[in-house]
Each structure stands twice: as structure tokens, then as C-alpha cells.
Amino acid sequence: MPLKLNMKYLNGFIKDSDIFALENEITAAHNALHSQSGKGSEFTGWLDLPIDYDKIEFERIKVAARQIQKKCDVFISIGIGGSYLGAKAAIDFLKSSDYNSLKKDTPDIYFIGNGISADKFNNLISICEGKDVCINVISKSGTTTEPAIAFRIFKKIMEDKYGKEEASKRIYVTTDKETGTLKEIATREGYETFVVPDDIGGRYSVLTPVGLLAIAVSGVNIDELMSGAAKARETFFDPNLNDNDCYKYAAIRNLLYRCGKKVELLVSYDPDFSMMSEWFKQLFGESEGKENKGIFPASAIFSTDLHSLGQYIQDGERFLFETVVNIMKPNNDLIIDFDDYNLDGLNFVANKPISYVNQKAFEGTILAHCDGGVPNVVLEIPQKNAFELGYLIYFFEKACAISGYVLGVNPFDQPGVESYKKNMFALLDKPGFEDRKKALIEKFNV
């Protein structure tokens with residue numbers, strides 16, 4: 001069975017009757033989403049994406065991935081936000097957060113253009129010295145500052161190294177189908193292009209060409225990834241709360257929020273889930289954080305972060321709840337040896353697998369946190385594979401949309417993101433932002 005919602009650790013915090021009291025709100029959210037009558041409905045293309053995607057382009061992605069695997073040592077993905085988080089999360093989760101250090105027959109994969117650090121750029125330039133490189137730049141417009149800077153830098157490096165003709169065979173572009181700066185550059189230079197769909201926002205785009213090329217380059221079976229998402233689409237179509245764990249999760253989140261739980265801590269006991277948490281934080285934070293509303297998304301990896309955050313979670317202010325992604329079975333386990341001297345006192349776990357100890361850490365922690373007044377939602381995943389990840393991605397995407405509508409916001413826009421950009425442009429003296437710079441000087445004396 002795929003992902004399962006375990007509500008056992010909500011006992012004492014909310015009751016089944018509380019959840020079903022939201023049934024009308026959940027049904028209204030479902031109807032708004034599926035009838036495309038809700039706010040932001042023009043960006044709901046992800047809803048049927050797992051079965052309604054461009055099959056020809058999907059095959060081109062697989063062909064391009066095989067070509068990249070054959071001709072390069074380093075693959076660079078240039079993008080920010082939804083243009084990199086999903087792909088990075090999938091690779092780390094399915095391959096390893098140590099992917100680049102592993103022995104493998106696929107290229108090392110680096111992500112750049114998600115910040116503006118000179119040290120980060122120089123480090124990657126150094127890594128690429130003496131190695132064959134391919135790049136994929138991902139931007140709908142081509143003018144988003146961070147990836148645009150990265151592309152300008154690495155485009156020149158590629159052309160200096162290979163010449164314009166060969167470089168054009170090693171640069172792949174994922175952008176708007178018809179318009180925009182990046183599309184214009186790709187057409188002029190002859191780069192192979194893939195399409196950023198018009199009806200899918202960045203944070204919902206991991207299962208589009210935005211995320212799929214890098215994922216395929218890493219060796220992940222993207223057919224299985226889409227198959228898992230398609231199964232989730234089928235499973236979570238019926239709005240009946242009795243049968244829909246996705247909608248129950250959305251209801252639970254809103255109930256806890258109304259009870260004063262303003263922070264959701266997404267927890268996993270697998271370090272390879274760390275970037276999935278980052279993807280989750282953008283998905284929910286950008287979708288719900290509007291109109292002075294919304295649950296603040298945070299994350300932790302246990303047992304590691306129990307040695308830093310554990311004290312606060314146990315005894316601090318009671319404004320948070322935890323959603324724990326519990327991976328039931330590792331892909332590879334390890335048995336703890338018996339030691340004749342037992343100087344470390346660990347023979348009580350001798351001859352047991354590491355996963356058994358990790359599971360007991362999960363059980364002991366969740367019991368302690370519940371006893372300390374922290375509600376816990378548990379999402380049980382059988383194991384790590386592409387099918388299960390596709391299922392989980394769709395689960396979170398749909399839960400986010402339903403939860404946003406129940407909250408009363410548009411879960412598909414992000415108006416607040418533009419504020420910092422406009423200030424940055426003004427401070428960099430970008431033409432057209434003179435009045436904003438003047439206002440900033442007057443208000444903040446910058």
C-alpha cells in the first residue's frame with residue numbers, strides 16, 4: 001500500500017468528529033478546485049498532469065538525459081525556488097544526499113542560480129575545471145535575477161571551453177513555450193528546449209520538465225515517478241473524508257491552526273528527506289502565507305535535531321504541531337555487532353538492524369512530544385522508490401490546494417515575493433525603479 005495517514009497520535013488533541021465537522025468546507029474546496037471556480041484556477045494544470053502530459057516531450061526528456069549521461073561528468077541545473085527544489089529533493093531522497101560522492105555511472109549534479117553567493121559560483125567553477133559539463137537553465141521568463149546571473153556566467157564558460165557550436169549541444173533550456181527572454185536566446189542559439197507549462201506554478205512544477213530532466217539524469221525512473229502521482233490522483237479524487245487521507249490531512253491542519261497551532265514542523269528520521277522538507281516549505285509557505293494568515297512551515301531531521309530543537313519542542317511554547325514522514329523500511333539495512341567487552345554499553349541493541357533502533361527513536365520521541373502537548377500527524381511511507389515519491393508529491397500538492405481554499409486564500413499566487421525583488425532592483429539602480437529607490441531612502445535612510 002502507498003502512503004497512509006496515521007492519526008493515532010492526535011488522540012487528546014482533536015477528535016474524529018472535529019475532522020468531519022469540516023466536511024462541508026472540504027467539499028466546497030474540492031468543488032472549487034475541480035470545477036476551476038476557485039481563486040487561481042488558471043494554475044491548476046498540475047491536477048491532471050500525471051495522466052495528461054505531453055508524452056512526446058516526456059520521451060525527449062529521457063533521450064536528453066541519456067545523452068547527458070554519456071557526454072558529461074558534471075550536470076549543472078540553473079534555477080531558483082520551484083525551478084530547483086523539487087528536482088534536488090527527488091534526487092536526494094531517491095539516490096542520496098551524498099549523490100555526488102557515490103560511485104555511479106551518472107554525472108555529478110549541481111544546482112546553482114538559487115542564490116547570489118560569489119563563493120558558491122567560484123566553488124562550482126573550480127569543480128568543473130577539467131571536466132565535461134552540460135547545463136540546464138530553468139526560467140519561464142529568463143529575467144529572474146539569480147538564475148539569469150548564473151546563466152550569463154556559465155554560458156560564457158561553456159562557450160569559452162567548447163566554442164559556440166559545441167556549447168549549444170550541451171546547453172538545455174526549460175522555459176516558456178513561445179515568449180520571453182530565455183526562449184528568444186534558446187531559439188537564436190539553437191538550444192534544445194523544454195516547456196514550462198503556463199498553467200502550473202513553480203512550486204507545483206516538479207513533475208513537469210522543470211524537474212524531470214535533472215531527475216532523469218540522476219538515473220531515477222521518471223515513468224515510475226509519474227505512475228505514483230497518477231495513482232495518488234485516482235486515490236484522492238473522491239471528496240469523501242472517510243476514504244481520502246489527503247483531505248483528512250488538509251482538515252487536520254486547519255483544525256490545529258484554529259486551535260492556535262501556528263507552526264507545522266515537518267519531521268523525518270531519514271537525512272535524505274532534508275530537501276523534501278525544503279520543497280514542502282516552499283509549497284505550503286508560498287501557498288498559504290497571505291492576508292496575515294497561514295501555518296508557518298518548518299522542518300527537522302530526527303534524531304539529529306533532537307539534540308538542538310528537542311528541548312524547545314518538548315517544553316517550549318505550545319504553538320506547533322508535527323507532521324512526521326515515517327519511512328517504514330530502508331532500502332539497505334545494517335546490523336549492529338555484538339562486542340565482547342561492551343565498553344560502550346550498547347550490547348542491548350546488538351544483532352538488531354539500524355532501522356529497528358531508528359524506529360524505536362521515532363516511537364519514543366513521538367510519545368514524549370504528545371505527552372508534552374504537541375499533536376503529531378504521521379504519514380507512513382512503505383519505502384523509498386520513485387513510485388512512492390510521485391505519490392507523496394501529489395499528496396502534498398493536493399493537500400496544499402485544499403488546505404489553502406479552506407483557509408480562505410488563493411493557494412496559487414505569491415504576491416509577497418515581489419516586494420524584495422522591487423527593493424533589490426531599486427538599490428541596484430535598475431531603470432524604472434528610481435521612484436522606489438527615492439522612497440526607500442526617505443523611509444529607511446539607506
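Just so it is clear, the model here is predicted, and its values are computed rather than measured. (Residues numbered from 1 in each chain as written. Predicted model: local features only at pLDDT ≥ 70, side-chain atom pairs only at ≥ 80, totals over all residues. Heavy atoms only, no water.)

Peer 1: Any chance you could explain the nonpolar core here in plain terms?
Peer 2: Across soluble globular proteins, nonpolar side chains have a tendency to be buried as a group. With 94 residues, the main nonpolar core has I26, W46, F75, L213, M276, W279 and F396 as its most contacted residues. Ranked by the residues each element gives to this core, the list is headed by helix α15 (residues 386-407), at 15 residues. With residues near it in sequence (within four places) discarded, I26 still touches L241, Y247, A250, A251, I402 and V406. Within the second largest apolar cluster, 22 residues are counted, among which are V137, Y162, A186 and Y191. (Core = buried A, V, L, I, M, F, W, Y, C linked by side-chain atoms within 4.5 Å. Buried < 20%, exposed > 50% of the residue type's maximum accessible area, 1.4 Å probe, protein only. Helix = DSSP H or I, 4+ residues; strand = E, 2+ residues; numbered from the N terminus. Contact = heavy atoms within 4.5 Å.)

Peer 1: In this structure, what is going on with the sheet that holds strand β5 (residues 171-175)? I would like to understand it.
Peer 2: Two strands in a sheet stick together by hydrogen bonds in their backbones, pointing the same way (parallel) or opposite ways (antiparallel). Here we have five strands laid out as an open sheet, ordered β3-β2-β4-β5-β6, and parallel in their pairing. Taken across any chain shown, the strands that pair with only one partner, and hence form the sheet edges, are β3 (108-112) and β6 (192-195). Here the strands of the sheet are splayed against their neighbours by 20° on average, with no regard to which way each runs. When strand β2 (residues 74-78) meets strand β4 (residues 133-138), the two strands line up parallel, connected through five bridges. Paired with S77 across the bridge in β4 is N136. In the packing of helix α8 (residues 181-189) onto the sheet, contacts are made with β4, β5 and β6, and the angle to β5 comes to roughly 145°. (Pairing = 2+ DSSP bridges. Axes fitted to C-alpha atoms, helices over the stretch in contact; angles between N-to-C directions.)

Peer 1: In this structure, what is going on with the packing of aromatic side chains? I would like to understand it.
Peer 2: Geometry of an aromatic ring pair is reported as the spacing of the ring centres plus the angle between the planes. All told, the structure shown has 23 aromatic pairs when counted by the stated rule. Residues F236 and Y391 carry aromatic rings whose centres are separated by 5.5 Å and whose planes lie at 65° to one another, so their mutual orientation is edge-to-face. Of this pair, F236 sits in the loop between α10 (222-235) and α11 (245-258) while Y391 sits in helix α15; the two residues are 155 residues apart in sequence, bridging distant segments of the chain. Like Y391, F236 is buried. Through pairs of rings, three or more aromatic residues link up here, namely F236, Y249, W279, F280, F284, Y391, F395 and F396. (Phe/Tyr/Trp six-rings, centres within 6.5 Å; stacked < 30°, edge-to-face > 60°.)

Peer 1: Would you mind showing me how to read the state of the cysteines here?
Peer 2: Joining two cysteines, a disulfide is a covalent bond between their sulfur atoms. All told, the structure shown has zero disulfides when counted by the stated rule. C134 supplies the cysteine sulfur nearest to C72, a cysteine that is in no disulfide, at a spacing of 3.8 Å. What makes C72 buried here is its relative accessible area of 6%. This cysteine, C400, is not joined by any disulfide, and C246 carries the nearest cysteine sulfur, 9.9 Å off. With a relative accessible area of 0%, C400 lands in the buried category. (Disulfide = S-S within 2.5 Å.)

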